[in-house]
Amino acid sequence: MDWNTRPILTLLGLVVIPVGLIALIVTGERAIRAIRRRTRDRVRPWLWLVPALVLSSAVLVYPTIMTVYYSFLDAKSEDGVGFDNYTWVFTDDAMHSVLGNNLLWLIVCPVVTLALGVLVAVLTDRVRYEKLATAVIILPVAISFVAAGVIWQLMYSYQPPGTAQTGTLNALWTSVVPGAEPKAWLADESVNNYALIFIAVWMNLGLATIILSAALKGIPAEWYEAARVDGANEWQVFRRITLPALWPTIAMVGTTLLIFTLKVFDVVYVMTNGNFHTDVVANRVYSELFVAQNFGHASAVSVVLFIAAAPVLVLNIRSFRREEATR
Amino acid sequence: MTDPSAVPAARTAAVAQAPSQAPSNKPAASPRSGRKPWWLRTLRRSPLHLTILVLCAIWLTPALGLLITSFRTPGDTAKSGWWDALTAPAFTVHNYTDALDGTDITDGLLNSLLIAVPTTVVTVLVSAFAGYAFAWMRFRGRGPLFLVVIGLLVVPPQVTLVPMMKLLDSLGLMGTVPAVWIYQVGFTLPFGIFLLRNFFAAMPKELLDAAQVDGAGQMRIFLKIVLPTSGPALASLAILQFIWSWNDLLTPLLFMGGQNDGAPVTVQIAGLVQSTGEGQNLLTAATFLAVLLPLIVFFSLQRYYARGMMSGSVKG
């Protein structure tokens, strides 16, 4: 049977599978009704967890374990090579530049996004056209990386000096700064990483702003009034009231941004494919897999990426434990 | 009894309207502003307006560039920047008519819908089942298992690709749309479970206990009480999953292979990016068409998003 015909897929995806999932739980609940109460309470959770356990084991748990295993094998996953792949990750010259770029991303992208997010949330809170202004900031959130790639190629496009600049940024650059030469924003190694990071900031600022704005609206008005009565100026109010009250939200959004930045792939893949010293870890995994076809290297880089995420993981788990304790 | 889902919706609407009601349209009526004329206050606030204006301009310009370019002829686009069209307007809808009937873009849009809608429905359903079990059922190993879910949040997609391709191949699913469904659902599940468990866990225990005393089965409680009161959280998850699935290039590219039959619009556009000549004038129009639906989805459901995300997050 051909799976890829639209009527079959529509039926399967919108009727058979969702109804089947509900039917699974309903019949399961019926079936366990007959058994003793204590056993029933022990079986029931697993019934509700089964679909999630099967799917996440297949897509995440099993592949992760296999990747760790492949990372100790050679390029074709045939013979064991010990820690050779890991030695390569940390000694290869190209990998040094890759790891350095990722570090730059990890620092600049979340910090700039958070700072702008707080700025936009605080400023737009004071004007009547808040909804319109935030809508503009949110707009890029819904845009795919492929589309963003097309959009930003138009922005960063470069023509040799002396010809008409059709790239937005170069047209602006050469007309505003007298005598400036057009810049190859994506190839020039002094700016290209920042040019790529800015695209990610452009795409992520909206999500940060939505959440920070909501948190800002949750700060009680009395706090502000009390501070103003005490004669605090705007900056002091921001430093002493707004920022501390926003802090938990900033930490939450920051964690999400860190995880995103760690895994960043599409922006680099679409814009430069890692050329001109803009490569990052996730894109390197991809090129090791599908260009170099070295499964050992690709797996080792993946494992390093996963381990780099561990601190974020520990933070998540600790705040979860703290919350559980107060429940 | 009133519909419980109406309460959060109404509250969100009230919050959303508040800022537009707050400032009075008649400044003279306000006692504080009585002394200073309105233009002086506007002048003093001009740095504020200017900062917002500049930021908005920076954020809007790239998208505006795309929109205008998509209405220009390929000849014009090669000769001058899109802003030339602002002073010397010469527009054409040719790129759109070409994209809509001459190519695979229409097919691609339908295929994207066929991937994103089932993926979203199944993700929300399966996450809700598991989130409910984690929030309201006691069982051995619940804590450690939930820690595993949190751990899976940080798994980078690249880690899973090769073993997943081998697995799908052995199941005979490689190259099919269901392969993309399975991967996209499985990949978002940890986030979905995490978000919904936290939202469900914050619900009052009395509400669920009362229903249980009335003899309602678990499925009834789940469908009649848990789901209807979790609108914002379910909507946040649905929005994120729909947009991610619609915009995903990597998964369909790898798991559906080079065959063009079921390829979503992202794959079609990535193909156009690499093409030359003929494809280039379609590119901007196709890109704009691909962006339209997620934009509509996001803006129509955006008000739920902040509420759902906030309540779902672990408090720091």
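S.K.: Explain the overall build of chain A to me, please; I cannot follow it from the model alone.
M.R.: Across its full length, chain A holds 14 helices and 0 strands. Secondary structure elements of chain A occur, N-terminal to C-terminal, as α-α-α-α-α-α-α-α-α-α-α-α-α-α. Rg of the C-alpha trace for chain A: 26 Å, well past the compact-globule value of 20 Å for 327 residues, more than 25% over. Its C-alpha atoms give chain A principal-axis dimensions of roughly 80 × 65 × 45 Å. Scored against the burial criterion, the 327 residues of chain A give a buried share of 50%.

S.K.: Before we go on, may I ask you to explain the overall build of chain B in this structure?
M.R.: Secondary structure assignment for chain B yields 16 helices and 0 strands. Within chain B, buried positions represent 52% of all 316 residues. Of the contacts formed within chain B by residues at least 6 apart in sequence, a portion of 73% connects residues at least 24 apart. Of the roughly 14200 Å² of accessible surface on chain B, 65% is carried by carbon and sulfur atoms.

S.K.: Is there a simple way to explain the environment of T176 of chain B in this structure?
M.R.: Residues and elements named next belong to chain B. As for its position among the elements, T176 is in the loop between helix 9 (157-170) and helix 10 (177-201). Residue T176 is classed as buried on the basis of its relative accessible area, which comes to 7%. Of the polar contacts made by the side chain of T176, one reaches the backbone oxygen of L173; its length is 2.6 Å.

S.K.: How do you make sense of the nonpolar core when you look at a structure like this?
M.R.: Generally speaking, soluble globular proteins have nonpolar side chains that are buried together. Residues W48 and W105 of chain A are the most contacted members of the largest nonpolar core, which totals 195 residues. Once you skip the residues sitting within four places of it in the chain, W48 of chain A turns out to touch I25 and E29 of chain A together with F129, A130, Y132, A133, M137, Q218, M219 and F222 of chain B.

S.K.: Can you walk me through the interface of chain A and chain B in this structure?
M.R.: By convention, interface size is frequently given as the accessible area that disappears when the constituent parts associate. Counting residues at the interface gives 108 residues for chain A, matched by 115 residues for chain B. Interface area, chain A with chain B, both sides summed: about 9800 Å², of which 79% is carbon and sulfur. When the area that chain A buries against chain B is broken down by residue, the three leading residues are R6, W48 and L60 of chain A, summing to 7%. Counting every contact that joins chain A to chain B gives 1 salt bridge. Close ionic contact of R6 of chain A with D107 of chain B constitutes a salt bridge, the shortest N to O distance being 3.1 Å. Counting every contact that joins chain A to chain B gives 9 residue pairs in polar contact (both at pLDDT 80 or more).

S.K.: So what exactly am I meant to see when it comes to a positive patch on the surface here?
M.R.: Judged by side-chain charge, R128 of chain A together with K36, R41, R44 and R45 of chain B come together as a positively charged surface patch. Residue placement: R45 of chain B occurs in the loop between helix 2 (38-44) and helix 3 (46-70).

S.K.: How should the side chain of S230 of chain B be read in this particular structure?
M.R.: Residue and element names in this part refer to chain B. Within the secondary structure layout, S230 lies in the loop between helix 12 (218-226) and helix 13 (231-247). For S230, a relative accessible area of 0% gives the class buried. In contact with S230, other than residues within four places in its own chain, are F199, F200 and M203.

S.K.: What is the right way to read the side chain of R44 of chain A from this model?
M.R.: Its location among the elements puts R44 of chain A in helix 2 (residues 37-70). In contact with R44 of chain A, other than residues within four places in its own chain, are E29 and I32 of chain A together with M137 and Q218 of chain B.

S.K.: Please clarify how unusual backbone geometry should be interpreted in this entry.
M.R.: Both trends apply: most residues other than glycine have a negative phi, and most peptide bonds are in trans. Residue and element names in this part refer to chain A. Unusually for a residue other than glycine, S77 sits at a positive phi of about 60°. Among the secondary structure elements, S77 is positioned in the loop between helix 2 and helix 3 (84-91). Note on S77: relative accessible area 18%, which makes it buried. Although it is not a glycine, Q293 sits at a positive phi angle of roughly 55°.

S.K.: Help me understand a nonpolar patch on the surface in this model?
M.R.: Judged by side-chain polarity, L11, L14, V15, V16 and V19 of chain A together with V121 of chain B come together as a nonpolar surface patch covering roughly 470 Å² of accessible area. By residue number, the principal contributor to the nonpolar patch is helix 1 (residues 6-33) of chain A, which donates 5 residues. In this fold, L14 of chain A is placed in helix 1. You can call L14 of chain A partly exposed: its relative accessible area is 37%.

S.K.: Before we go on, may I ask you to explain the packing of helix 7 (residues 105-136) of chain B against helix 15 (residues 265-274) of chain B in this structure?
M.R.: Geometrically, a packed helix pair is captured by the angle between its two axes and the distance between the axes. All names here are of chain B. Following both chains from N to C, one finds helix 7 and helix 15 inclined at 145°, their axes separated by 7 Å at the closest point. Every residue of helix 15 that contacts helix 7 at I105, G108, L109 and S112 is listed here: V265, Q268 and L272. In the contact of helix 7 with helix 15, the residues fall into 4 nonpolar, 3 polar and no charged.

Cut-offs applied
Residues numbered from 1 in each chain as written. Chains lettered and ligands numbered in written order. Predicted model: local features only at pLDDT ≥ 70, side-chain atom pairs only at ≥ 80, totals over all residues. Heavy atoms only, no water. Helix = DSSP H or I, 4+ residues; strand = E, 2+ residues; numbered from the N terminus. Rg over C-alpha atoms; globule rule 2.2 N^0.38 Å. Buried < 20%, exposed > 50% of the residue type's maximum accessible area, 1.4 Å probe, protein only. Contact = heavy atoms within 4.5 Å. Areas by Shrake-Rupley, 256 points an atom, 1.4 Å probe, with all protein chains shown as cover. Polar contact = N/O pair within 3.5 Å; in protein donor to acceptor, adjacent residues only side chain to side chain. Core = buried A, V, L, I, M, F, W, Y, C linked by side-chain atoms within 4.5 Å. Buried area = accessible area lost by both parts, 1.4 Å probe. Salt bridge = Lys/Arg side-chain N within 4 Å of Asp/Glu carboxyl O. Patch = residues over 30% accessible without salt bridge, like charges linked within 9 Å, V, L, I, M, F, W, Y side chains within 5 Å. Lys, Arg positive; Asp, Glu negative; His and termini not counted. Charge placed at Lys NZ, Arg CZ, Asp CG, Glu CD. Axes fitted to C-alpha atoms, helices over the stretch in contact; angles between N-to-C directions. Nonpolar A, V, L, I, M, F, W, Y, C, P; charged D, E, K, R; others polar.

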